[in-house]
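Take a look at the letters that make up each chain.
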Amino acid sequence: METNLVLNRTNYKNGTNGTLSYNGEFLCFTIELPWLNNAPGRSCIPVGTYRLLLRFSLKHKTHLLLEGVQDRQLILVHPANNALKELRGCIAPVMKLTGHGKGERSVEAFKKLMQLVLNLSDEGPVFLTIK
């Protein structure tokens, strides 16, 4: 059985803010870079549905990777509170939005998201639909 998380986004000049939900229930907010025509390292990613995979790196430890993003590689979900300063095309969960592409309590939101994805992955693939 596959599972979908849904990310509804709003793009602004200086960043992209979103609301992440599962089964219609609010999970957390997200921040990303602004839309710049999918430019690698400078833009948020296109709308679509992407499989979430567990990944490990020394920099981010255990985090999530979005599989199959057109013309992009290593699109991650990891903690960050300021998209312009801390993200290179990735998505950061936050508990509170403080501006366009800015938020607070990202580590808390990330832990909440990771726990959900780990639980859901026991049942089958987990996907993220971005709108």
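It should be emphasised that the depicted structure is a prediction, and the values quoted were computed from it without experimental measurement.

Reading guide: rules and limits
- Residues numbered from 1 in each chain as written.
- Predicted model: local features only at pLDDT ≥ 70, side-chain atom pairs only at ≥ 80, totals over all residues.
- Heavy atoms only, no water.
- Core = buried A, V, L, I, M, F, W, Y, C linked by side-chain atoms within 4.5 Å.
- Buried < 20%, exposed > 50% of the residue type's maximum accessible area, 1.4 Å probe, protein only.
- Helix = DSSP H or I, 4+ residues; strand = E, 2+ residues; numbered from the N terminus.
- Contact = heavy atoms within 4.5 Å.
- Polar contact = N/O pair within 3.5 Å; in protein donor to acceptor, adjacent residues only side chain to side chain.
- Disulfide = S-S within 2.5 Å.

Engineer: I'm lost on the nonpolar core in this one. Help?
Structural biologist: Taken as a class, soluble globular proteins show a tendency for nonpolar side chains to be buried jointly. Of all hydrophobic cores here, the largest spans 26 residues; its most connected members are Leu-5, Leu-66 and Leu-128. Residue assignment for this core shows that the elements contributing at least two residues are strand E1 (3–12), strand E2 (15–22), strand E3 (25–32), strand E4 (48–57), strand E5 (61–67), strand E6 (75–77), helix H2 (106–121) and strand E10 (126–130). If one sorts the elements of this core by residue count, H2 sits on top with seven residues. Not counting the four nearest positions on each side in its chain, Leu-66 is found in contact with Ile-45, Tyr-50, Arg-51, Leu-52, Ile-75, Val-77, Ile-91, Leu-128 and Ile-130.

Engineer: Explanation requested: the environment of Thr-16 in the structure shown.
Structural biologist: Take Thr-16: it is sitting in strand E2. A residue is classified by how much of its surface remains accessible, and Thr-16, at 0% relative accessible area, is buried. Taking C-alpha positions, Thr-16 is 24 Å from Gln-115, a pair spaced 99 residues apart along the chain. The residues contacting Thr-16, other than those within four sequence positions of it, are Arg-9, Thr-10, Asn-11, Thr-30, Ile-31, Glu-32, Leu-33, Pro-34, Trp-35, Cys-44 and Gly-101. Among the polar contacts listed, one links the side chain of Thr-16 to the side chain of Asn-11, at a separation of 2.8 Å.

Engineer: What is the right way to look at the state of the cysteines in this model?
Structural biologist: The bond known as a disulfide is covalent and runs between the sulfur atoms of two cysteines. Overall, the coordinates contain zero disulfides when judged by the stated rule. Cys-90 provides the cysteine sulfur closest to Cys-44, a residue in no disulfide bond, and the two sulfurs are 12 Å apart.

By themselves, these are just geometric observations and shouldn't be taken as functional.
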